[in-house]
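# Observations on the model geometry
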Amino acid sequence: MSRSKLVIIGNGMAGVKCVEEIIALEPDTYEIVIYGNEPRPNYNRIMLSKVLQGEHSLQDIIINDWTWYAKHHIRLCTGETVHRIDTRGKYIETESGLKETYDVLILATGSSPFIPPIPGMDKERVMSFRTIDDCTRMSDYSKTYRKAAVIGGGLLGLEAARGLLHLGMEAVVVHNAHYIMNRQLDEKAAAMLQQELEGQGMSFLLAKNTQKITGRSQAQGLLFTDGSKLEAQVVIVAVGIRPNVDLARRSGIATNRAIMVDDYMRTSVPDIYAVGECAEHRGISYGLVAPLYEQGKVLARTLCGQETPEYKGSIPYSQLKVSGVDVFSAGEISGEGMQTAIQHLDCIQGRYKKVLMQAGKVRGAILFGDTTEGTALLGLVQRGADVAELTPREGAPDPAEMAAAALPAQETVCACNNVTKDAIMNAIQEQGLETADQVKEQTKASGSCGGCRPMVAALLKHTHNLKNNGGTGVVAPPDKPAPMPVCSCTELGHAELKETLADIDVLEIGLPEISLILQKLGWGSELGCTVCRPVIHYYLQVSGGTMVVREIEAHSEVQVRWDDQIPMSSYARDAGSLAAQLRTNWIGAAMPSPVNMGVAPGPGSLVSALVQDIGLLASPAGWEIYAGGHAEHPVKQGGLLGVAETEVQAATLASACLQWYRQTAWYDEPLWAWTERLGFMSIRETLLDDQLQKELAATLQADI
């Protein structure tokens, strides 16, 4: 039985990954022919910077050598550029005159460096950084010249500059934005990275636009639009990539910025598919390796006739080392409606963490210096998880280990060295590996760019936990302890008691005596005790049974403090009236626990808004509303609920917070402890729903 012929145009990482998947699924389905325009087998383009920096040789970054092609009966045609596709006759033709028929064709033509229209780009010693040959040229230049300029402050530009430093050259990075890696990092993380790179000898010119490259026939420097100049004998251009679509466009295949494909990587022409940087899916073309591998897997299953979920797009992420510094970036880091959910800065350790949210969902994350949380955060971003999940739960499994456990066995963990999860776990089990360094030595996983090391560490932990638990899966969280009873009269905890009381029809009982309620609850004491009676009364009040058991009182203390000892700032003229209004509005409201509230008319106030249960601080933007602070042991700074422009809006948000506390707290649970139990971000997102905020504030007024 003859096999169908599968021809792949492009010998890069995306196309060959698809071939690897086909071989793993159905090795005898196709006769496979690959055309590549470079004179060598498939190699890892991501690792070119490591070759330039002297950390790896060319042989080290070869993914599949010549023997791999021979072993799988793949005909590799190197040094051949395909310039024509006859879609009716179903054959391709190369510039050298070779013709090849096909049954199925995959376009994996990749991309080329984007060359901006700057005068002087055609001069000698002006080059891009994309191939092994580029590495060789840069190395040759370094033997004669000393001053280099790199146009582009993205990842590729920084890696090129680091390589030039290794070669003994002076390297100045020229970037048109105000900070480096502005597509992956925010300004703070970028500043930390720049400081580290400057310590390694790199220089930067930011917010600079190059007008032209100076020199007659050879590069001598850069002239900027502001009139300033930079001397440079070698100029590296690393400002981005452009999908290679000319071949497809000439052949009548639908293109936009790249080759347009559907959810199964099909182009507009039957039996022709596209994958990788040359493909455009739902208006997006990806330049990172993870999405390209995801596309390759979908296409492989499609071509093998196997059922496969459609490709729905990818969340872009980068987990890598930039000149020895661990950096992680995932999802959206800027844009309309984007807010900061978490932000931590440790200048001593050189660590930074920022998680971004939109409409209460995790949308992006940045880590600098320590990327061990990268895998877990990526999972949250990919799922669009609720921000409440950012708060670790006591006894919950390690998020990184959970992400490792959820990874499919054949998923590639180390893209640089093509190492799968299955290979890593097998090596750990069979060779008794105990550390991530041992895993690196045995499998090469994390041995190149180092970006996958957190996942390798998580897999190491996961594998050992599997062994310790009989191979049953991720270590389960400990059984949740039974809730503490409210008192000795019952076995019910606060949550169950509150839920049960909410279901009792007070009107049906018809009498104010607590004994009937306790009887209905199956209480161990006819009249209860001094502990449980106020609890029951409070829960009945907040559930609508205000008229029951009047003789028992709950907490009703709301202490409102206002500092009138300092001159009021111009933006806090009504601070006193706001404090008086809140005191009037809240006095008499039954509370789970006494509440301290402070109004600070300015930064110098003796009343600190940050250590109150609810604090309002006047600012030029209006009012900052904080919640969850505590001035006594344990001292705790409140979190920022939001900013209100007017006193009315500030009062509404503060009242909504107080009412949400009344409805969801346990009796005798301080407000600061309530924020820790529910999670501050969960509370914040609840209260920033405008409609719910107004309803809660109105409910508080109605209950008083």
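For the structure given in this document, a descriptive report is provided here. (Residues numbered from 1 in each chain as written. Predicted model: local features only at pLDDT ≥ 70, side-chain atom pairs only at ≥ 80, totals over all residues. Heavy atoms only, no water.)

## Side note on the overall build of the chain
- Of the regular secondary structure elements, the chain holds 22 helices and 32 strands.
- Counting only residues that meet the buried cut, the chain has 50% of its 704 residues in that class.
- A separation threshold of at least 6 residues defines the contact pool for the chain, and within that pool the share at least 24 residues apart is 60%.
- As displayed, the chain offers around 32,800 Å² of accessible surface, 49% of which is attributable to carbon and sulfur atoms. (Helix = DSSP H or I, 4+ residues; strand = E, 2+ residues; numbered from the N terminus. Buried < 20%, exposed > 50% of the residue type's maximum accessible area, 1.4 Å probe, protein only. Contact = heavy atoms within 4.5 Å. Areas by Shrake-Rupley, 256 points an atom, 1.4 Å probe, with all protein chains shown as cover.)

## Section: the pairing of strand β22 (residues 325-331)
- With 5 of its 7 residues buried, β22 lies for the most part within the structure.
- Connecting strand β21 (residues 317-322) to the next strand, β22, in antiparallel fashion are 2 residues, including Ser323 with a positive phi near 50°.
- Where β22 lies against strand β25 (residues 361-368), 5 bridges are found, and the strand directions are antiparallel. Paired with Ser329 across the two strands is Ile366, which belongs to β25. (Pairing = 2+ DSSP bridges.)

## Thoughts on the sheet that holds strand β5 (residues 91-94)
- Read from one edge of the open sheet, 3 strands run β4-β5-β6, paired in antiparallel fashion. Strands at the two margins of the open sheet, each flanked by one partner only, are β4 (82-86) and β6 (99-101). On average, each strand axis in the sheet is inclined to that of its neighbour by 20°, with strand direction left out of account.
- With 3 bridges joining them, β5 and β6 adopt antiparallel strand pairing. Residue pairing across strands places Ile92 opposite Glu100, the latter belonging to β6. (Axes fitted to C-alpha atoms, helices over the stretch in contact; angles between N-to-C directions.)

## Overview of unusual backbone geometry
- Backbone geometry places Ala207, a non-glycine residue, at a positive phi of 55°.
- Owing to a relative accessible area of 33%, Ala207 belongs among the partly exposed residues under this scheme.
- Here the phi dihedral of Asp668 falls at roughly 70°; this positive angle occurs in a residue that is not glycine.

## Regarding the sheet that holds strand β13 (residues 210-214)
- Overall, antiparallel pairing links the 3 strands, which are arranged β13-β14-β15 in an open sheet. This sheet does not close on itself; its edge strands, each paired only once, are β13 and β15 (229-231). Taken pair by pair, the neighbouring strands of this sheet meet at an average axis angle of 20°, ignoring direction.
- Note that β13 and strand β14 (residues 221-224) share 4 bridges and pair antiparallel. Note on β14: the bridge partner recorded for Lys212 is Leu223.

## Side note on the pattern of salt bridges
- Using the criterion set out here, one finds 22 salt bridges in the structure.
- Across the salt bridge formed by Lys208 and Asp226, the nearest N and O atoms sit 2.6 Å from each other. Placement of Lys208 in the loop between β12 (203-206) and β13 and of Asp226 in the loop between β14 and β15 is noted, with a sequence separation of 18 residues between them.
- By relative accessible area, which is 15% here, Lys208 ends up buried.
- Among the residues examined, Asp226 registers a relative accessible area of 52% and is labelled exposed.
- Residue Lys353 pairs with Glu373 through a salt bridge whose shortest N-O separation is 2.9 Å. With Lys353 in strand β24 (residues 351-358) and Glu373 in the loop between β25 and α9 (374-383), the pair connects residues that are 20 residues apart, well separated along the chain.
- According to the relative accessible area criterion, Glu373 is partly exposed, its value standing at 37%.
- Counted as one network, the salt bridges with shared partners bring together Glu38, Arg40, Arg45 and Asp133. (Salt bridge = Lys/Arg side-chain N within 4 Å of Asp/Glu carboxyl O.)

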